[in-house]
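Given next are the chains, with one letter for each unit.
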Amino acid sequence: MENTAVRNEVMVGIDPRQQSIPALAWAVDEAVRRRLSLRLVTAVPPVPDGQHIDAPWRWTVIRAQGEDALAEAVATVRALHAEVPLTTELLDGTPSAALCRKAAQTLMIVVGSRRLTRPEELFSVGSVAVPVSARADCPVVVVREPEHAAERHPHLVVGVDGSESSRAAVEFAVEEAALHGAGLRAVWVWRRPVVSFGDEAAGLEERRRMLSETVAEWAHKYPDVQITREILRGHPVEELALASVSALLVVVGRHGRGGYSGMKLGSVAHGLLHRAECPVVTVPESGHG
């Protein structure tokens, strides 16, 4: 079924335990650039052992913490930009599930990152960045550090591999580069095989052709964005993480073969959430609304 929801806001997941100032600042800047409203969302997870005598009291305390976190986030947003349209929402449920339920109504979701361990990502009720990046029906921006404001030649990086999800990533990345007045590095990382078969020169030329075809449509639509096309040899996570050191954003498509909890994120996107030195945007195949 086609989703006809109007996606006219940027949504931020607020963590009551640890407010992410970089994520809030990034989201405010994005909402202002796109002339959109901002929605701050936090969720109250179910209290373990709901039959316990103090369960209602514990739930009330957790809910009050959520309300306090939203109030603090509103104050931070207003200090950053007093005029941005702003709403708040306190939801019931685990944070990742609550944010994913709202994804169809928003242009993008912005969350901070606490760089959880793999077991914490899978089993912690507070795990947000990875499960939301894996499941949300919109682009998800994970912000650990602020943008590299000191860059003389600001640019974004987008990973391309010929898949439909990477095409959606290119669309998002070119539009974002135009909004930032930045350039774009479109990078195809070609893994080095253990044993080389066939004509390597022909393989390189084929990837150059596919990279150019993937970028061509959006380069035509955004002629003011300077786009460079690069084929690198190595591991995609390592090469894109290295590229992230000087980038405003790294954008990748979301695709994978499932895994724990039905997550379909892909090893490259998952690896970048741990290793990138700038915000990471994960874009689903359906695009961004």
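Residues numbered from 1 in each chain as written. Predicted model: local features only at pLDDT ≥ 70, side-chain atom pairs only at ≥ 80, totals over all residues. Heavy atoms only, no water.

## Here we look at the sheet that holds strand β2 (residues 37-44)
The 10 strands are arranged β3-β2-β1-β4-β5-β10-β9-β6-β7-β8 in an open sheet whose pairing can be described as mixed. This sheet does not close on itself; its edge strands, each paired only once, are β3 (86-92) and β8 (227-233). Direction aside, the axes of adjacent strands within the sheet are offset by 25° on average. Running over the sheet, helix α1 (residues 21-34) touches β1 (9-13), β2, β4 (108-112) and β5 (140-143) and is turned about 155° from β4. (Pairing = 2+ DSSP bridges. Helix = DSSP H or I, 4+ residues; strand = E, 2+ residues; numbered from the N terminus. Axes fitted to C-alpha atoms, helices over the stretch in contact; angles between N-to-C directions. Contact = heavy atoms within 4.5 Å.)

## Focus on the packing of aromatic side chains
Counted under the stated rule, the structure contains 0 aromatic pairs. The cationic tip of R233 hangs over the ring face of W190; the distance from NZ or CZ to the ring centre is 3.8 Å. (Phe/Tyr/Trp six-rings, centres within 6.5 Å; stacked < 30°, edge-to-face > 60°. Lys NZ or Arg CZ within 6 Å of the ring centre and 35° of its normal.)

## Description of the environment of E205
Counting through the fold element by element, E205 comes out in helix α7 (residues 200-221). Expressed as a C-alpha distance, the spacing of E205 and I231, which sit 26 residues apart in the sequence, is 9.7 Å.

## Topic: the pairing of strand β7 (residues 183-190)
For a regular strand, side-chain orientation follows a simple rule: the groups alternate between the two sheet faces. With respect to burial, β7 is a largely interior element, 8 of its 8 residues being buried. Burial along β7 is two-sided: G183, R185, V187 and V189 facing one way and L184, A186, W188 and W190 facing the other are all buried. Direction of pairing for strand β6 (residues 155-159) relative to β7: parallel, over a ladder of 5 bridges. From the neighbouring strand, V157 faces β7, where its bridge partner is R185. At this point the chain moves from β6, through helix α6 (residues 164-180), to the parallel β7, and the crossover so formed is right-handed. As paired strands, β7 and β8 are joined by 7 bridges and run parallel to one another. Note on β8: the bridge partner recorded for R185 is T228. (Buried < 20%, exposed > 50% of the residue type's maximum accessible area, 1.4 Å probe, protein only. Right-handed = clockwise from strand over helix to strand, strands pointing away.)

## Remarks on the environment of V12
You can see V12 is positioned in strand β1. With relative accessibility at 1%, the residue V12 sits in the buried group. A C-alpha to C-alpha distance of 8.5 Å links V12 and T42, two positions 30 residues apart in sequence.

## A word on the confidence of the model for the protein
For the protein, mean pLDDT is 84; residues scoring 70 or higher make up 81% of the total. Counted against residues more than four places away or in other chains, residues 119-125, with its pLDDT under 50, gives 13 contacts. Low pLDDT, under 50, characterises residues 257-263; the stretch is placed with 10 contacts to residues that sit more than four places away or in other chains. (pLDDT = per-residue confidence, 0-100.)

## Here we look at the pattern of salt bridges
Overall, the coordinates contain 15 salt bridges when judged by the stated rule. Salt-bridge contacts for R34 lead to E175; the nearest nitrogen and oxygen are separated by 2.5 Å. Taken together, the residues R34 in helix α1 and E175 in helix α6 connect sequence positions 141 residues apart. Among the ionic pairs, R185 bridges to E230, the shortest N-O distance being 2.7 Å. Taken together, the positions of R185 in strand β7 and E230 in strand β8 put the pair 45 residues apart, joining distant regions of the chain. Three or more residues joined by partner-sharing salt bridges are found here, namely E9, R39, E89 and K102. (Salt bridge = Lys/Arg side-chain N within 4 Å of Asp/Glu carboxyl O.)

## Some details on unusual backbone geometry
Where the residue is not glycine, phi is negative for most of them; where a peptide bond is considered, it is trans in most cases. In this structure, R35 is a non-glycine residue whose phi angle is positive, near 55°. Position of R35 relative to the elements: it lies in the loop between α1 and β2. Owing to a relative accessible area of 79%, R35 belongs among the exposed residues under this scheme.

## Quick notes on the nonpolar core
Among the nonpolar cores identified, the biggest contains 49 residues, and L38, L40, V110, V158 and L184 are the most heavily contacted of them. Examining the composition of this core, we find that 7 residues originate from one element, α6, more than from any other. When sequence neighbours within four positions are dropped, the list of residues in contact with L184 reads H155, L156, V157, V158, A173, V174, A177, V225, Q226, I227 and T228. (Core = buried A, V, L, I, M, F, W, Y, C linked by side-chain atoms within 4.5 Å.)

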